[in-house]
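Fold and contact review
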Amino acid sequence: MNTTIKNKNRAANRPKVERQIRQAKVVLRALRDTLEDLEDRSELARSKERNAGKPGVSWESAKKEFGFDF
């Protein structure tokens, strides 16, 4: 009888646990995206520092190189 009660409790708790797992996955994806954004910002800052004072590429030549037509 005690085993039956435990099994019913496990079955009742399963949807709660599955919902928590889904929510945790959503949070982890958001954290991963945020971390990637921070890494991108860090790399951009390093690039700007590394290339400070160097001549850049004009917008016209970049458009021509990549085939932009606007």
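For the structure, see preceding data.
1. Focus on the overall build of the protein
- A tally of helices and strands in the protein yields two helices and zero strands.
- Classification of the 70 residues of the protein by burial places 4% in the buried group.
- Carbon and sulfur atoms form 56% of the exposed surface of the protein, whose accessible area is close to 6900 Å².

2. Some details on the pattern of salt bridges
- Under the defined criterion, the tally for this structure stands at three salt bridges.
- In this structure, Glu43 engages Arg50 in a salt bridge whose closest nitrogen and oxygen atoms are separated by 3.6 Å.
- Members of the salt-bridge network, linked through shared partners, are Glu43, Arg46 and Arg50.

3. Side note on the packing of aromatic side chains
- If you walk through the whole model with that rule in mind, you get one aromatic pair.
- Residues Phe66 and Phe68 carry aromatic rings whose centres are separated by 6.2 Å and whose planes lie at 35° to one another, so their mutual orientation is tilted.
- Of the residues examined, Phe66 reaches a relative accessible area of 57% and is grouped as exposed.
- Taking the relative accessible area as the measure of exposure, Phe68 reaches 43% and is therefore partly exposed.

4. A few points about a negative patch on the surface
- A surface patch of like charges, here negative, comprises Asp33, Glu36, Asp37, Glu39 and Asp40.
- Examined against the element boundaries, Asp37 turns out to sit in helix H1 (residues 2–50).
- Take Asp37: its relative accessible area is 48%, and that puts it in the partly exposed class.

5. Details of the side chain of Lys63
- Assignment of secondary structure puts Lys63 in helix H2 (residues 59–66).
- Filtering out sequence-adjacent residues up to four positions away, Lys63 remains in contact with Phe68 and Phe70.

6. Remarks on a nonpolar patch on the surface
- There is a patch of nonpolar side chains on the surface, built from Trp59, Phe66, Phe68 and Phe70 and spanning about 540 Å² of accessible area.
- Structurally, the position occupied by Phe70 is in the segment after H2.
- Phe70 sits in the exposed class, given a relative accessible area of 64%.

Thresholds applied
- Residues numbered from 1 in each chain as written.
- Predicted model: local features only at pLDDT ≥ 70, side-chain atom pairs only at ≥ 80, totals over all residues.
- Heavy atoms only, no water.
- Helix = DSSP H or I, 4+ residues; strand = E, 2+ residues; numbered from the N terminus.
- Buried < 20%, exposed > 50% of the residue type's maximum accessible area, 1.4 Å probe, protein only.
- Areas by Shrake-Rupley, 256 points an atom, 1.4 Å probe, with all protein chains shown as cover.
- Salt bridge = Lys/Arg side-chain N within 4 Å of Asp/Glu carboxyl O.
- Phe/Tyr/Trp six-rings, centres within 6.5 Å; stacked < 30°, edge-to-face > 60°.
- Patch = residues over 30% accessible without salt bridge, like charges linked within 9 Å, V, L, I, M, F, W, Y side chains within 5 Å.
- Lys, Arg positive; Asp, Glu negative; His and termini not counted.
- Charge placed at Lys NZ, Arg CZ, Asp CG, Glu CD.
- Contact = heavy atoms within 4.5 Å.

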